[in-house]
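# Remarks on the overall topology
Each chain is listed here by its residues.
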Amino acid sequence: MAGNDTGEEPKADAALTAVEAGRLHAELSRIVTEANRAYFAEDAPILSDADYDAIKRRLLALEGRFPGLATSESPTGQVGAAPSETFAKVRHAVRMLSLENAFEDAEITDFDDRIRKYLGLGAHAPLAFTAEPKIDGLSLSLRYENGRLVQAATRGDGETGENVTANARTIADIPDPLQGADIPAVLEVRGEVYMSHADFAALNARQQATGGKTFANPRNAAAGSLRQLDPSITAARPLKFFAYAWGETSAPLAASQSGAIARLQELGFQTNDLTLRAEGPADLLAAYRRIEAGRATLGYDIDGVVYKVDDLALQARLGFRSTTPRWAIAHKFPAQLAWTRLEAIDIQVGRTGALSPVARLLPVTVGGVVVQNATLHNEDYIAGRDSRGEAIRGAKDIRIGDWVQVYRAGDVIPKIADVDLSRRPADAVPYEFPRLCPECRSDAVREPGDSVRRCTGGMSCPAQAVEKLKHFVSRAAFDIEGLGAKQIEMFFDDPVLRVREPADIFTLAARDSANPLQKLKNRDGFGERSVANLFRAIEERRTIPLNRLIFALGIRHVGETAAQLLANHYRTWEAFESTMTAATAGSGPEWQDLTDINGVGSVLAASVVTTFHQEAERAMIDRLVAHLTVQPAVPRVVSGSAIAGKTVVFTGTLEKMTRAEAKARAEALGARVAGSVSARTDFLVAGPGAGSKAKDAARLGVRVLDEDEWLALIG
Ligand code: 9MJ
């Protein structure tokens, strides 16, 4: 294409006749469309930002003289809607879960024990499982209505994924329509998109030959191929799909996991033929060994074996924790190991001020990936001694110049696992862990009982401030397209743009437009288009779901799950903020309310309350929220549940289910389960042996139910 045909002849353009202008407009439009495709769909720009902008300006000038050229087809986007540059979001009808991981055989017997305990099954009652290879790809949810594929969505954060329907339609393993008889009116089929080793090698060879982007591993290739804005690119990529789970269904697929897999196969899906049914942990472990032994000859990547309770009625009783089912576990293959030399130890300061030692290594390949950095855990790990100076069993001190063993397990950050003392250089000296923050020189202190040394500089420490900002824009937080770690670092240090705290992100566009010099669009690495996209992405995020906002604040101990729990409980920012402001750590009704949330312990609660009472921190939150519209949480509640929003207390012995199951059932139906009876309790469920709680309920006029009344109430 005429990549050098840019906007260098505006004078000549101005003299064109209408017909000539029309021809030129068509030619330039074609170039811009082609460049858009290369940029957005292939991640492989064919024009510099400057050239691209110049052509756009030339098109706009032509349209200015001949307004008839500004049609909805024009890439200037002056008429009609701008084409979408990202995928639309899809809220999953049923959440897409991840799996709990296990690495040791003993964790599998624990898994079996835990399930028996939860269900109240004796040690010898039959309890069957399935074992399926864990495909290392990316999960996809396919929604069928009346047998036709109507939507395909990536997992995303489990709640909301991306709509990739057009791309999924190009995958041969995904049937449309479904096959066979008795097809449910609604059926969401879930499984893994992956690429075989052979197809991956061929794709990379093709990409290399044509100067395209090559991929690090089959999973990245599969992900990159599915997330293409142009489905014709996905169509040209050899993607495959295994079905292994389901979301919403209008009719049950089967009574068992193994039956459901067989049913998915009848409906036209590929299912993994190594899947089998096992009678207990010993059988599961035997299946694991067999699958592991055959791993190298499978022709596609697997990273473990997934075990699931076979009986779907039991699966339903077991239900879910916040992000993982109780009825399944992923038994991962062991980590991959390699030996290399420790060249240096760097200290990174995290968003909570933690000083984390990072090993800089002589590059080494571990399980097909080049590793040059690994975590060294903490100060005590390097010293081989705890904070009282006592040797840690099995630990050795680690010195620069040592030969160290690196291991990688799945996606986890590489870690140092061992030191070869026989190869230690004679002049190696013990590592002196810094007592001052290497970034801001504030004192770095260790609280008693904490293994981590922390910088005391707070937001005045540039490293903490930058890390907090990076966390703020990360995927599970504000997820602002075009504003990643790299841009945060650049804007943080920039004397004009000065993004020093989250609120500054939302004034960036205004400050950029007020600044006559050094406009962002004129800087290296930016252009009119990328800046416009960035500002639009920021604008869109002024409206933000409550759970994302809480997570984004970067409060210590508040991860995604805790943020979701807090959001579900308080529902609105106003309620959350006012309760945290009124709360005192350790006592009072607000504190009680906070720590009554299932999954919120006193350490987490204290961390949140303290944050809202630290003046500087609090002021920063207020400055941020002034720019935002916070969307209230809409927890998934089973519609028609009689106990949604109610507070329930259990006491005494339950006979039809264990206390753990009763509590989980109540929570799944939208109730809150509290530990003690108060004026705000709606029901006390009392089994035989109920004591003081029953008296409290009588005194406070709380309705008391026996187990059967309770079961009738929840249906
Ligand atoms: C994979 N990745 O092969 C599940 N998976 O089930 C299998 N993943 C899964 N099952 C429930 N075989 C959530 C995830």
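Structure shown above.
A short tour of the structure in this document, coming up. As the structure is a prediction and not an experimental result, all values here were calculated from the model.

Assignment of secondary structure puts Arg143 in strand E4 (residues 138-145). Using a relative accessible area of 16% as the deciding quantity, one classes Arg143 as buried. Discounting residues that sit within four places of it in the chain, Arg143 has contacts with Ala93, Arg148, Leu149, Val150, Gln151, Val186, Leu187, Glu188 and Glu248.

Let's shift gears to the sheet that holds E4. Sheet architecture is open: four strands sit in the order E5-E4-E7-E8, paired in antiparallel fashion. Here the strands that pair on one side only, and so sit at the sheet edges, are strand E5 (148-154) and strand E8 (240-249). For this sheet, the mean inter-axis angle between neighbouring strands, taken without regard to orientation, is 30°. Strand direction decides the pairing type here: E4 and strand E7 (residues 186-194), joined by eight bridges, are antiparallel. Across the sheet, Leu138 pairs through a bridge with Val193, a residue of E7. Across the sheet, helix H7 (residues 218-226) touches E4, E5 and E7, and the angle it forms with E4 is around 40°. Running at roughly 115° to E8, helix H9 (residues 257-266) makes contact with E7 and E8 of the sheet.

Moving on, we get to helix H10 (residues 281-293). Compared with the 18 Å implied by 1.5 Å per residue over 13 residues, the 18 Å span of H10 between its first and last C-alpha is a close match. All buried positions along H10 are accounted for by Pro281, Leu284, Leu285, Ala287, Tyr288 and Ile291. The arc that holds the buried residues of H10, viewed along the axis, is 155°, so those residues lie on one side. Opposite the buried face of H10, by more than 90 degrees, sit the exposed residues Ala282, Arg290 and Ala293. Buried residues in H10 make contact with helix H4 (105-119), strand E3 (129-135), strand E9 (276-278), strand E10 (302-309) and strand E11 (328-332).

Note: strands within a sheet are paired through backbone hydrogen bonds, in either parallel or antiparallel orientation. Spatial strand order, E22-E21-E23-E24: four strands in an open sheet with parallel pairing. Each edge of the sheet is formed by a strand with only one pairing partner; in this case those strands are strand E22 (672-674) and strand E24 (703-705). The sheet shows a mean angle of 30° between the axes of neighbouring strands, direction not considered. With three bridges joining them, strand E23 (residues 683-686) and E24 adopt parallel strand pairing. When the bridges of E24 are listed, Leu684 appears paired with Val704.

Turning our attention to the pattern of salt bridges. By the definition in use, this model includes 50 salt bridges. Where Arg148 meets Asp176, a salt bridge forms, and the shortest distance between an N and an O atom there is 3.0 Å. Here the residue Arg148 occupies a position in strand E5, and Asp176 occupies one in the loop between helix H5 (165-168) and E7, the gap between them amounting to 28 residues. According to the relative accessible area criterion, Arg148 is partly exposed, its value standing at 45%. Judged by relative accessible area, which is 30%, Asp176 ranks as partly exposed. Through salt bridges that share partners, Arg143, Glu145, Glu188, Arg190 and Glu248 make up one connected network.

Calculation rules
- Residues numbered from 1 in each chain as written.
- Predicted model: local features only at pLDDT ≥ 70, side-chain atom pairs only at ≥ 80, totals over all residues.
- Heavy atoms only, no water.
- Helix = DSSP H or I, 4+ residues; strand = E, 2+ residues; numbered from the N terminus.
- Buried < 20%, exposed > 50% of the residue type's maximum accessible area, 1.4 Å probe, protein only.
- Contact = heavy atoms within 4.5 Å.
- Pairing = 2+ DSSP bridges.
- Axes fitted to C-alpha atoms, helices over the stretch in contact; angles between N-to-C directions.
- Expected span 1.5 Å × (residues − 1).
- Arc of directions from axis to C-beta.
- Salt bridge = Lys/Arg side-chain N within 4 Å of Asp/Glu carboxyl O.

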